[in-house]
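# Structural features, examined
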Amino acid sequence: MKIGNLLIVAYRSLSRNKLRTFLTMLGIIIGVASVIAMLAIGEGSKQNIQASISSLGTNSVMIMPGSITQGGVHMEAGSQQSLTREDAEAIGSKCDAVKYISPVIQTGAQIIAGSQNWRTMVLGVFPDYFFARNLTIQSGAVFSLLEDKAAAKVCVIGLTVSTNLFGENADPIGQTIRINRIPFKIIGLLDKKGQNTFGQDQDDIIIAPFATVQKRMLSTTNVHMVMASAQTEAQIDEAKEQITQLLRVRHKILNEDDDDFMVRTQSDLSNIFGSISKVLTILLASIASISLLVGGIGIMNIMLVSVTERTREIGIRLAVGAKSRDVLIQFMIESIFISFLGGFVGIAFGILISMMVANFGGWPVSVTIFSIVLSFLFSAVVGLFFGWYPARKAANLNPIDALRYE
Amino acid sequence: MSDLLISVKNICKIYGMGEIEVHALSDVSIDINKGEFIAIMGASGSGKSTFMNIIGCLDRPSKGTFFLDGADVNKLDKNQLAEFRNKKIGFIFQSFNILARTSALENVELPLLYNSSVTNKDRKERAYQALRSVGLGERQYSLPNQLSGGQQQRVAIARALVNEPIVIMADEPTGNLDSRTSYEIMEIFQNLNNKGITIVMVTHEPDIAQFALSNIIFKDGKIIANSPVKDRKFATKELDIIKKQTIVKATA
Ligand SMILES: Nc1ncnc2c1ncn2[C@@H]1O[C@H](COP(=O)(O)OP(=O)(O)O)[C@@H](O)[C@H]1O
Ligand SMILES: [Mg+2]
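Starting afresh in each chain, residues are numbered from 1 along the sequence in its written order. Note on labels: chains are lettered from A, ligands numbered from 1, in written order. The model is predicted, so local features are restricted to residues of pLDDT at least 70 and side-chain atom pairs to those at 80 or more, both for listing and for counting; the totals for chains, interfaces and linings are taken over all residues. As a rule here, side-chain values come from all non-hydrogen atoms in the structure, and water together with hydrogens is ignored.

## Observations concerning the interface of chain B and chain A
Applied cut-off: We call two residues in contact when some of their heavy atoms are within 4.5 Å. Buried area is understood as the total, over both parts, of accessible area removed when two parts are fitted together, assessed with a 1.4 Å probe. Here a salt bridge means any side-chain nitrogen of Lys or Arg lying within 4 Å of a carboxyl oxygen belonging to Asp or Glu. A helix here means a DSSP run of H or I that spans at least four residues, while a strand means a run of E at least two residues long, and both kinds are numbered starting from the N terminus. Here the term charged refers only to Asp, Glu, Lys and Arg, the term nonpolar to Ala, Val, Leu, Ile, Met, Phe, Trp, Tyr, Cys and Pro, and the term polar to all other amino acids, Gly among them.
Tallying the contact residues gives 33 residues for chain B and 29 residues for chain A. Taking both sides of the interface into account, the surface hidden between chain B and chain A amounts to around 2600 Å²; carbon and sulfur atoms contribute 50%. One can count 4 salt bridges joining chain B with chain A. Counting only elements with at least two residues in the side of chain B that touches chain A, the list comes to helix H2 (78-87), helix H3 (104-113) and helix H4 (120-133) of chain B. For the side of chain B that touches chain A, the per-class residue count stands at 13 nonpolar, 10 polar and 10 charged.

Quick look at the structure:
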């Protein structure tokens, strides 16, 4: 028996039952499309989180007050006030693995410029902060250490702030704004950064010298965090160690006691978020696999029903000379065709859905070749696996019994 | 002995269902030569279909030997049986058994699709010629539900003929047809038989049996009579008479 003839036989049988063929295929289409879309969403968020973490700056090390547990009570990071400007300065002068260092304090503030007003966040930092976080200036300049010493009323603003106060494409350099009624001179405009993974607008910010914010706006000696950056990527762990040792000494923490601060490196963060997004991807993929499995069971169900429904047809085929192998191959071709075509259409739909999620939902998505190959193989296996049993059943029918079947 | 086509010796068929055993055939022996046209008669349940299915290679006997065209059929495996059904035997059923939602031409093509020695081009041509030989050349694209019972049976005959079998087995081929259509089928059978094709046909209508060359009678799974037909009827003649009668009726 020529395989070409069996292709003709299978094609005729599928095209005579277009609706049945389509409904069977639908299960696979939905399964494959959801695998593609869900893996794309998972992969997209993963890449996005990684990008956000690296946008924190290369080789960055963050020191936050507080510890994970204090006397058995779980504390939120930053809830304690144990870090000071002097800690930051000490790290800068004593830890040779640290390149940039800056204490960070932040506060919300009402900004007024002429008749416009805007509420945003104001950061107080050292000039090093810009380097540690890879923040670049579009126009104007960054403030200097001298301006920090003098608690000068100067600031660098983000694009969102500029747009809201001065309008689109305006040049804010040299303008004076009132931050909580204190007049500040704008000396720099930051490059656009866009939203981060968590949907925060990173351009809605004002950065001023640390001493200015600390003394003129907050009047506190504590800092919210200290931002550092290691000399090289290889020295990140060394920097973390040096900082920990130094702060333990400065804070007079005894050997057996817990730190009253936390040091987190960029790789700590990417590990945390990496494992979160891995869990997310696995979760999404398993939901999608279940729908693919359901699609496969759909194929088996319809193929089984059609073996029963088509018993007489099989009997006729056997009576005119079909061998059981011919019937087996015909049914296999039918289910493979259904799952392959369903797989192709599903891939197209999956990519379409991913693009729609990206365009209308604003979610980051990334369709990978891996997910396409995976879901295609999966649908092929589903077709073979779930097509086999009904095909065997059809092939093993006895011609006389099949013909007599009512 | 080169004329011997079917040789059946002492075949039995027992349908066993636990305690109850049905002896559908007991000790049936018969030789059928090439070129014969046999009508098998007998009461319902006398084993006619069982016999036909066995000599049509659709079923196997419980006991006994069966030679078809010189081959010991008992020794053939499933695939070889399928090949026999495909190339040597044309089977025609009472209930037509043609594929629904499938054109007449595609139905006739079916046996050729399972015959690897037929090319794609030949297949269509041969199927069309077979349809033409039963007078359905114009209906090749018609679906079964667009055809009358007689036309559907003719599609089935064309399908049986398309692989040029040496024997046609027909189990009550006219059972679902009116007498005039039955005569048309008999006309086709007689023409085929004149060309040398052997025909074995089951019928319970004595007048249909008279178109054959000889009659066999089954009773309780045994052959009780085997005799040549005395006043053989010729379908072409009978149809002429019917036509004249209808013309007379129409003019009256
Ligand atoms: N598949 C079967 N299982 C059990 N008994 C059967 C089967 N097929 C036929 N029979 C029995 O065998 C006998 C002969 O049946 P069959 O050959 O169909 O008779 P006919 O065609 O002469 O009417 C009947 O008694 C029938 O009930
Ligand atoms: Mg019968």
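## Observations regarding the packing of aromatic side chains
As a reminder of what qualifies: Pairing of aromatic side chains requires ring centres within 6.5 Å, counting the rings of Phe and Tyr and the six-membered ring of Trp. Pairs whose planes differ by under 30 degrees are stacked, by over 60 edge-to-face, and all others tilted. Under the scheme applied here, a residue whose accessible area is under 20% of the maximum for its type counts as buried, over 50% as exposed, and between as partly exposed, the area being computed with a 1.4 Å probe on protein chains only. By definition here, charges over rings are those cases where NZ of Lys or CZ of Arg is within 6 Å of the ring centre and within 35 degrees of the ring normal.
Throughout the structure, instances matching the rule amount to 10 aromatic pairs over all chains. Relative to Phe143 of chain A, the ring of Phe130 of chain A has its centre 5.6 Å away and its plane inclined at 75 degrees; by these criteria the two rings are edge-to-face. With Phe130 of chain A in helix H4 (residues 128-132) and Phe143 of chain A in the loop between strand S6 (137-140) and helix H5 (145-149), the pair connects residues that are 13 residues apart, well separated along the chain. Like Phe130 of chain A, the residue Phe143 of chain A is buried in the burial classification. Ring centres of Phe37 of chain B and Phe189 of chain B lie 6.4 Å apart, and the angle between their planes is 65 degrees; this geometry places the pair in the edge-to-face category. Of this pair, Phe37 of chain B sits in strand S3 (residues 37-42) while Phe189 of chain B sits in helix H6 (residues 179-194), and the two are 152 residues apart along the sequence. Site record: aromatic cluster; members linked through ring pairs are Phe340, Phe344 and Phe376 of chain A. Seen from the ring of Phe84 of chain B, Lys88 of chain B lies directly overhead, with NZ or CZ sitting 5.0 Å from the centre.

## Regarding the sheet that holds strand S5 (residues 71-72) of chain B
Residues and elements named next belong to chain B. To keep it simple, the criterion reads: The rule for pairing is simple: two strands pair if DSSP sees at least two bridges between them.
Within the open sheet, the 4 strands sit side by side as S2-S1-S4-S5. Their pairing is antiparallel. Looking at the sheet topology across the chains shown, the edges are occupied by strand S2 (20-33) and S5. Of the strand pairs in this sheet, strand S4 (residues 63-68) and S5 are connected by 2 bridges, and their pairing is antiparallel. Along S5, the bridge assignment pairs Leu68 with Ala71.

## Topic: the packing of helix H9 (residues 266-309) of chain A against helix H12 (residues 369-395) of chain A
When two helices pack together, their arrangement is given by the angle between their axes and by how far apart the axes lie. All names here are of chain A. Inclusion rule: The axes used here are C-alpha line fits, helices contributing only the stretch in contact, and every angle between their N-to-C directions lies in the interval 0 to 180 degrees. Note that the term roughly parallel is reserved for angles under 35 degrees, roughly antiparallel for angles over 145, roughly perpendicular for angles of 65 to 115, and oblique for everything else. What makes a crossing left-handed is the near helix being turned counterclockwise from the far one by less than a right angle; a clockwise turn instead makes it right-handed.
At their nearest, the axes of H9 and H12 sit 9 Å apart, and the two run at 25 degrees to each other. When the axes of H9 and H12 are compared, the pair comes out roughly parallel. In the packing of H9 onto H12, the handedness of the crossing is right-handed. Contacts between H9 and H12 involve Ser289, Leu292, Leu293, Gly296, Ile297, Met300, Met303, Leu304 and Val307 on the former and, on the latter, Ser375, Phe378, Ser379, Val382, Phe386, Tyr389, Pro390, Lys393 and Ala394. By residue class, the composition of the contact of H9 with H12 is 13 nonpolar, 4 polar and 1 charged.

## Quick notes on the sheet that holds strand S10 (residues 222-228) of chain B
All names here are of chain B. Sheet architecture is open: 6 strands sit in the order S6-S7-S8-S3-S9-S10, paired in mixed fashion. Each end of this open sheet is capped by a strand with a single partner; those strands are strand S6 (89-92) and S10. For this sheet, the mean angle separating the axes of adjacent strands, direction not counted, is 15 degrees. Sheet topology places strand S7 (residues 167-171) next to strand S8 (residues 198-202); 5 bridges connect them, and they run parallel. When the sheet's bridge partners are listed, Met169 is paired in S8 with Val200. Across the face of the sheet, H6 comes into contact with S3, S6, S7 and S8 while running at roughly 150 degrees to S8.

## Focus: the site of ligand 1
Applied cut-off: By convention in this text, a residue qualifies as near a molecule or strand provided that one of its non-hydrogen atoms is within 4 Å of it. Within 3.5 Å is the distance limit for a polar contact, defined as a pair of N or O atoms, with the added protein rule that one can donate a hydrogen and the other accept it, and that residues adjacent in sequence qualify only through two side-chain atoms. Using the Shrake-Rupley algorithm and a 1.4 Å probe, accessible areas are obtained, with residue cover drawn only from the displayed protein chains.
Around ligand 1, a shell composed of Arg404 of chain A together with Tyr15, Val22, Ala24, Ala43, Ser44, Gly45, Ser46, Gly47, Lys48, Ser49 and Thr50 of chain B is seen. One chain alone does not account for the residues near ligand 1; they come from chains A and B. Contact distances for ligand 1 include 3.3 Å between an oxygen atom and a backbone N or O atom of Ser46 of chain B. The side chain of Ser49 of chain B places a nitrogen or oxygen atom 2.7 Å from an oxygen atom of ligand 1. Protein contacts shield 68% of the accessible area of ligand 1, which totals 560 Å² for the unbound molecule. Contributions of two or more residues to the shell around ligand 1 are made by S2 and helix H1 (48-55) of chain B. By residue class, the composition of the shell around ligand 1 is 4 nonpolar, 6 polar and 2 charged.

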